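# Structural description and commentary
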Amino acid sequence: MHLLQKWSIGKLNHVAMACPDIDKATALYRDVLGAKVSEKHPQPEHGVYTVFVELGETKLELLHPYGDKSPISGFLEKNKSGGMHHICIEVDDIEEAMKDLKSKNIRLLSDSARIGAHGKPVVFLHPKDCNGVLVELEQA
Ligand SMILES: C[C@@H](C(=O)O)C(=O)SCCNC(=O)CCNC(=O)[C@H](O)C(C)(C)COP(=O)(O)OP(=O)(O)OC[C@H]1O[C@@H](n2cnc3c(N)ncnc32)[C@H](O)[C@@H]1OP(=O)(O)O
Ligand SMILES: [Co+2]
């Protein structure tokens, strides 16, 4: 960690995939690959359904649009078979991270952190400011 930086980056929480058929994707990880998977949960605040696949130290998050204003609809339009949608990295102080990144001209996709799938605050960073990869930060 930088000596003057008030927050630090932690472990990879999950890698998310947008799925045109989330039940089929769940069946692949559960029945074909033998992983432990969660139930399918609607996340109305985020406009997605989620299924988590447990992979030891980290997880996969399977996503499918919920409602007609889903933030992942455009992505699925462009990627008809689905694809890797975002990575989620834990941070020890999300408020400090947001202040710091804003001051470094990295665009945050919401004005404040929102409660994510694990009941903890999350924020997304614009993919065009992160080498083409959408990055979610989650309070550890
Ligand atoms: C439950 C929670 C949790 O885990 O706790 C979640 O994960 S919720 C997961 C779902 N929630 C979110 O993703 C929230 C944050 N995401 C967003 O606000 C949106 O998805 C955006 C990232 C702004 C993209 O929205 P949209 O596709 O409608 O905008 P757009 O068509 O104008 O896209 C702008 C440019 O970004 C590219 N782009 C779009 N989605 C991308 C992605 N996932 N990864 C990399 N690039 C992406 C487009 O191709 C386009 O590039 P070109 O201009 O070069 O063609
Ligand atoms: Co996520």
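One can find the structure itself at the top, above this paragraph.
To start, this report covers the structure provided alongside it. Keep in mind that this is a model prediction, so the values were computed, not measured. (Residues numbered from 1 in each chain as written. Chains lettered and ligands numbered in written order. Predicted model: local features only at pLDDT ≥ 70, side-chain atom pairs only at ≥ 80, totals over all residues. Heavy atoms only, no water.)

Let us look at the coordination of the cobalt ion (ligand 2). Here the cobalt ion (ligand 2) is held by His14 (NE2), Glu61 (OE), His86 (NE2) and Glu136 (OE), and the distances to it run 2.1 to 2.2 Å. Classification of the site at the cobalt ion (ligand 2) rests on its 6 donor atoms, whose angles at the metal span 74 to 169°, yielding the label octahedral. Of note, the donors binding the cobalt ion (ligand 2) are all from one chain and are spaced H-x46-E-x24-H-x49-E. Of this pair, histidine 14 sits in strand 1 (residues 9-18) while histidine 86 sits in strand 6 (residues 83-91); the two residues are 72 residues apart in sequence, bridging distant segments of the chain. Judged by relative accessible area, histidine 14 falls into the buried class, the value being 1%. Look at histidine 86 and you get buried, because its relative accessible area is 4%. (Donors = N, O, S within 2.8 Å, 3.2 Å for Na, K, Ca; no water. Tetrahedral: all angles 85-135°; square planar, octahedral: opposite > 155°, others 65-115°. Helix = DSSP H or I, 4+ residues; strand = E, 2+ residues; numbered from the N terminus. Buried < 20%, exposed > 50% of the residue type's maximum accessible area, 1.4 Å probe, protein only.)

The next point concerns the site of ligand 1. Among the 19 residues in the neighbourhood of ligand 1, the closest are listed as Glu61, Pro71, His85, Ala117 and Lys128. In this structure, an oxygen atom belonging to ligand 1 sits 3.2 Å away from a side-chain N or O atom of histidine 14. Side-chain polar atom of lysine 78 to an oxygen atom of ligand 1: 3.0 Å apart, as the coordinates give it. Within the complex, 70% of the 1100 Å² of free accessible area of ligand 1 lies under protein. Taken together, the elements giving at least two residues each to the shell around ligand 1 come down to helix 2 (73-78), strand 6 and strand 9 (134-139). Classifying every residue of the shell around ligand 1 gives 9 nonpolar, 6 polar and 4 charged. (Near = heavy atom within 4 Å. Polar contact = N/O pair within 3.5 Å; in protein donor to acceptor, adjacent residues only side chain to side chain. Areas by Shrake-Rupley, 256 points an atom, 1.4 Å probe, with all protein chains shown as cover. Nonpolar A, V, L, I, M, F, W, Y, C, P; charged D, E, K, R; others polar.)

Of all the residues in helix 1 (residues 22-32), the buried ones are Ile22, Ala25, Thr26 and Tyr29. Projected down its long axis, helix 1 carries its buried residues within an arc of 100°, all on one side. Turned more than 90 degrees away from the buried face of helix 1 sit Lys24, Asp31 and Val32, all of them exposed. Those residues of helix 1 that are buried lie in contact with strand 1, strand 2 (36-37), strand 4 (48-55) and strand 5 (58-65). (Arc of directions from axis to C-beta. Contact = heavy atoms within 4.5 Å.)

Here we come to the pairing of strand 8 (residues 121-125). With 2 bridges joining them, strand 7 (residues 114-115) and strand 8 adopt antiparallel strand pairing. Residue pairing in the sheet places isoleucine 115 in a bridge with proline 121 of strand 8. Inspection of the sheet shows strand 8 paired to strand 9 by 4 bridges, in the antiparallel sense. Of the residues in strand 9, the one forming a bridge with leucine 125 is valine 135. (Pairing = 2+ DSSP bridges.)

The phi torsion at asparagine 105 lies on the positive side, around 60°, for a residue other than glycine. Accessibility expressed as a relative area gives 65% for asparagine 105, which makes it exposed. The phi torsion at asparagine 131 lies on the positive side, around 55°, for a residue other than glycine. For asparagine 131, the location among the structural elements is in the loop between strand 8 and strand 9. Among the residues examined, asparagine 131 registers a relative accessible area of 79% and is labelled exposed.

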